[in-house]
Every structure is written in structure tokens, then in C-alpha cells.
Amino acid sequence: MKKVLTLSAVAGLVMLSGVAHANSLGGLAFSGTTPHTTAMTVKDDFTIVGKAELMGLKAINEDGTVNAIVEIPAGTSAKWEVSKEDPKAVYWEYKKGKPRVVNYLGYPGNYGAIPGTALPKELGGDGDPLDVIVLGQAVPRGEVVNVRVIGVLKMLDDGEQDDKLIAVLAKDSPFAHIESMTQLDKEYPGASQIIDVWFANYKGPDGGMEGLGFEDAGSARKVLDAAAEHFERSR
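Residues numbered from 1 in each chain as written. Predicted model: local features only at pLDDT ≥ 70, side-chain atom pairs only at ≥ 80, totals over all residues. Heavy atoms only, no water.

Another aspect to go through is the overall build of the chain. The number of helices and strands found in the chain is four helices and 13 strands. Buried positions account for 44% of the 235 residues belonging to the chain. Considering only intrachain contacts with a sequence separation of at least 6, the fraction spanning at least 24 residues in the chain is 66%. Working note: accessible area of the chain is about 12,500 Å², and carbon and sulfur atoms make up 56% of it. (Helix = DSSP H or I, 4+ residues; strand = E, 2+ residues; numbered from the N terminus. Buried < 20%, exposed > 50% of the residue type's maximum accessible area, 1.4 Å probe, protein only. Contact = heavy atoms within 4.5 Å. Areas by Shrake-Rupley, 256 points an atom, 1.4 Å probe, with all protein chains shown as cover.)

A sheet is described by the order of its strands in space; here four strands give the open sequence 1-2-5-4, paired in antiparallel fashion. On the outer flanks of this sheet lie strand 1 (40-44) and strand 4 (80-82), each paired with one strand and no other. The mean angle between the axes of side-by-side strands here comes to 25 degrees, regardless of whether they run parallel or antiparallel. Bridge count between strand 1 and strand 2 (residues 47-50): four bridges; the pairing is antiparallel. Note that in strand 2 the partner of V42 across the bridge is I48. (Pairing = 2+ DSSP bridges. Axes fitted to C-alpha atoms, helices over the stretch in contact; angles between N-to-C directions.)

We now examine the side chain of K164. Relative to the helices and strands, K164 is located in strand 12 (residues 164-169). Using a relative accessible area of 2% as the deciding quantity, one classes K164 as buried. Within the local environment of K164, its side chain forms a polar contact with the side chain of D131, the two groups lying 3.2 Å apart. Among the polar contacts listed, one links the side chain of K164 to the side chain of D162, at a separation of 3.2 Å. In contact with K164, other than residues within four places in its own chain, are Y111, D131, G151, V152, L153 and F199. (Polar contact = N/O pair within 3.5 Å; in protein donor to acceptor, adjacent residues only side chain to side chain.)

As a further point, take the confidence of the model for the chain. Close reading of the predicted structure is inappropriate where its pLDDT is low. Looking at the chain as a whole, the pLDDT averages 86, with 85% of positions reaching at least 70. Between residues 1-26, whose pLDDT stays under 50, and residues either more than four places distant or in other chains, the model counts 11 contacts. (pLDDT = per-residue confidence, 0-100.)

One pass over the structure, following the stated rule, counts seven salt bridges. Put simply, K203 and D157 hold a salt bridge, and the shortest N to O gap is 2.8 Å. Note that K203 is positioned in the loop between helix 3 (191-201) and strand 13 (209-216) and D157 in strand 10 (residues 144-157), a separation of 46 residues in sequence. Its relative accessible area of 18% is what places D157 among the buried residues. Here R221 and D225 are joined by a salt bridge, their closest N and O atoms 3.5 Å apart. You can see R221 and its partner D225 sitting in helix 4 (residues 217-234), four residues apart, about one turn around the helix. Residue class for R221 comes out partly exposed when judged on its relative accessible area of 29%. Judged by relative accessible area, D225 falls into the partly exposed class, the value being 30%. Salt bridges linked by common partners bring K79, E93 and R100 together as one network. (Salt bridge = Lys/Arg side-chain N within 4 Å of Asp/Glu carboxyl O.)

So, on to the pairing of strand 12. Within strand 12, six of the six residues are buried, which leaves the element mostly enclosed by the surrounding structure. Here strand 9 (residues 131-135) pairs with strand 12 via four bridges, running parallel. The partner of V132 across the bridge, within strand 12, is L165. Two strands pair when backbone bridges link them, and strand 10 and strand 12 are joined in this way by six bridges, in the antiparallel orientation. Within strand 12, the residue paired with R148 across the bridge is V168.

Right, dumping it as C-alpha cells:
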């Protein structure tokens, strides 16, 4: 009986600890369950930090694959991003005084940024690194993965261009052999429609997102090359 009481007390303390942690994150305890890359350490509940300057990494590798920094693992909703203040950090974005969470279904792929890229508004970008959604199994937050870019989703966000590169994990993934949107649609029917519908609706019915359709790998590579060239010139 004594052992049962002791175990119950321990369980109660664990539950209380969990509640306290949840309250410290604005009730978003699930964020603590998402793994982060082993190359980074936790600075606090809202920041992970590594040794490498993320934007200093090359966009395109010698074998033609592309580097992508995973900010939001597939299936999760907490809105993390590469820090503009600390080039070695990824942080949980704040909005209206609270850590931001997408009030919709979890991301349909690993969402992140392409290092070594920046596309100004005059070239159709927003000045930030290119956005990319990487199809495949969930990848830990902060991980830098090799991907193959297979297309681009053309979008408007409140009337401004906000395109999303579509990519697949280049190895150890069911999608690793996919090279184009056409092949994706053939072998994984409905996948591109899911991505299109998700981005058009994840900010809500009045979120200002408008999908303009997909373009294939050639168009996506032109966007990528232009963004990489602009980044190099502006350094």
C-alpha cells in the first residue's frame, strides 16, 4: 500500500510539472514533444541554437541537390523559423505576444527555408530565404537535409507573391525518386491537391491566401538560381 501511495505521489508531481510547463508555453505543451536536431541544443522553451551559421550554408550542392533547413516538422503546427538576429538559431515565432501556432491541420510536409537564398520583391520574392515544403517522413526541427526540388506552388498572400518551393527528401524516403510534379501526381494521386488546399486555407477563410497553381521543376530551379545569385551579390 505504501508503494502504491508513493507511486501515485510521483505520478501527481509529474502531472503538475507538465501542467506548469504547458502554462509557461501558453497551454501549448505539445511543442515539447517535437524532436530537434542533435546538432542544436535547447537555449530555452522558444529557441534552439547550433554551431553553424545557417544562412552561410550553400543553397545548391555539387550533386545538384538542395539544402533545406527544417523549421516545422511534418504534422506539427508550432510556427518556428530561422532567426534573423542569430544566424545559428531557430526560434518559435511570436505574434500578438504569444508563440504562434497555425490554427489548422498540421503541416503536410516538413516546412523550412533554403539557406544562401534571398529574393527581392522586384524579382517576385519578399527579401527572405525561399520557403520550401519537403515531402517525406517528419524530420527533426533544425535539421539540414538534402532535397530535390520538383516544383513550385505559386501563391498570393494579401496580393503579394508568396511562392512555395516543393521538394522531396533526396534519400531514405518513399519520395526520394520523384523528380517532377507530374511524376508526383502519377504515383501519389492527391498529394499536390492536399498541399494546394492546405496553403490556401491554413490562415483561415479570410487569411488572404490565394493559390495560382503549380509550375514544374524547371520553373522552380529558375527561382532558386535567381535567389541564390541575389544572395551572393548582396553579401
